[in-house]
Structure formats: structure tokens, C-alpha cells
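# Overview (structure and organization)
Each chain is listed here by its residues.
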Amino acid sequence: MPYTFQSVKDMEKLTGSSKLYNFIEDFADYENQFSLMCGKIKALFGQPIYETENMENLFSYCILAKSEEGKEVYLDIYCAGSGLAVGGMSDETSRKAAMALIDYVRQAEPVDYTHKAYYLDGPVSLEFGIRDGVPYFNETQLNLSEKEFRELYARLS
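On a predicted model such as this, the values are computed, not experimentally measured, just so you know. (Residues numbered from 1 in each chain as written. Predicted model: local features only at pLDDT ≥ 70, side-chain atom pairs only at ≥ 80, totals over all residues. Heavy atoms only, no water.)

A word on the overall build of the protein. A tally of helices and strands in the protein yields three helices and nine strands. For the protein, whose C-alpha radius of gyration is 16 Å, the value lies close to the compact-globule estimate of 15 Å for 157 residues. Projected onto its principal axes, the C-alpha positions of the protein cover 55 × 35 × 25 Å. Of all 157 residues assigned to the protein, the portion counted as buried reaches 41%. Sequence separation of 24 or more characterises 59% of the internal contacts of the protein that already satisfy a separation of 6 or more. In the structure as shown, the protein presents an accessible area of about 8,600 Å², 47% of it carried by carbon and sulfur atoms. Distance between charge centres in the protein, computed from 15 positive and 25 negative side chains, equals 4 Å. (Helix = DSSP H or I, 4+ residues; strand = E, 2+ residues; numbered from the N terminus. Rg over C-alpha atoms; globule rule 2.2 N^0.38 Å. Buried < 20%, exposed > 50% of the residue type's maximum accessible area, 1.4 Å probe, protein only. Contact = heavy atoms within 4.5 Å. Areas by Shrake-Rupley, 256 points an atom, 1.4 Å probe, with all protein chains shown as cover. Lys, Arg positive; Asp, Glu negative; His and termini not counted. Charge placed at Lys NZ, Arg CZ, Asp CG, Glu CD.)

What follows is the structure in C-alpha cells.
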């Protein structure tokens, strides 16, 4: 493999980064693919720098990618409004490292986990994860009063 990858707990290394690639390109079974990819990311890199219940800012990992030649590139694995993605600098070195990172994650074995989150455009409550190696993704419509919606929005912001 041309790169090694390591999770680091330093968001400052990601200053100026932007989305390079989505992890999921086939939307036919997006929800299960999403749960599966998150389980693979957790298996490889453990806990993120932060994790929330807001689907539009769910988590972020700072990943140090080191090439065989010793070149270091910092990438961001995150889930935001644009979905599950890899971010980095907009240069060829970062794009190559990001593609290698996506391939590395896709080949991993996922771990079991569960996560509850909210998507307020729905508004819906989401529970997703992997149970006994099987991905799941459940969506429940929220019937909130205006006051309840404002309170949930404030909590997630």
C-alpha cells in the first residue's frame, strides 16, 4: 500500500480543507452502505474527534496519511450535510491520498455499533449501526410541537 493511515486528535491540521470525495456513490442502498462504512471507519480509527446527534454534523476524524516516501497529508473523514466524505486540500497529493484512504476503509471489516441522530429537515429520528455484522438504518418521523422542535434544534446546534 502506498500509504499508512493514523487517526490524530488535532483538528487544526485540517484548516483550509474541503470535500474531496464521497464514500458512497451508489445511492440504491445508501442507508445500509452508510451504516456499513461508519462501522468500518470505527473499526480502523476508533472514536472520532467529536461525535454528535446532528446528521448534518455527525462526526469528524483527522487522518494522517503517510506515503512510502514519507510525505505527510492530513485528511478529514466526516459526515455533514453533504454526506459521508473525505476532505483535504485541493491538490493532487491530497486527492491521491484520499482515494487510497477510501479504498483502505472499503476493505476493512466493520465493528458492531449503534448511533442515534436527528435530521431536522425531516424532521426525523435515525437509529443506525451494525448488529452482529449486519448493517441497519431506521428512520422515524418526528411529530414535534414548535416548542419541542426549537428545543431539539437548540440542543443539536
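Picking up after the structure, the text goes on.
So, about the sheet that holds strand β8 (residues 124–131). Across a sheet, paired strands are connected by hydrogen bonds in the backbone, their directions being either parallel or antiparallel. Read from one edge to the other, the open sheet built from three strands follows the order β7-β8-β9, with strand pairing classed as antiparallel. Each of the sheet's edge strands pairs with one partner strand only, and the pair in question is β7 (113–119) and β9 (134–141). In this sheet, adjacent strand axes meet at a mean angle of 15° when their direction is disregarded. With eight bridges connecting them, β8 and β9 associate as antiparallel partners. (Pairing = 2+ DSSP bridges. Axes fitted to C-alpha atoms, helices over the stretch in contact; angles between N-to-C directions.)

The next point concerns the nonpolar core. The biggest cluster of nonpolar side chains holds 35 residues, and the ones touching the most others in it are Phe23, Phe34 and Leu75. Looking at this core, the elements that each hand over two or more residues are β1 (3–8), α1 (30–45), β4 (57–67), β5 (72–80), β6 (83–88), α2 (92–106), β7 and β8. Of the residues forming this core, the biggest block, six residues, is contributed by α2. Ignoring sequence-local partners within four residues, the contact set of Phe23 consists of Met37, Ile41, Ile77, Leu84, Ala85, Val86, Ile102, Val105 and Arg106. Grouped together as the second largest cluster of nonpolar side chains are five residues, Leu120, Leu142, Leu152 and Leu156 included. (Core = buried A, V, L, I, M, F, W, Y, C linked by side-chain atoms within 4.5 Å.)

So far we have only geometry, and geometry alone does not tell us how the molecule works.
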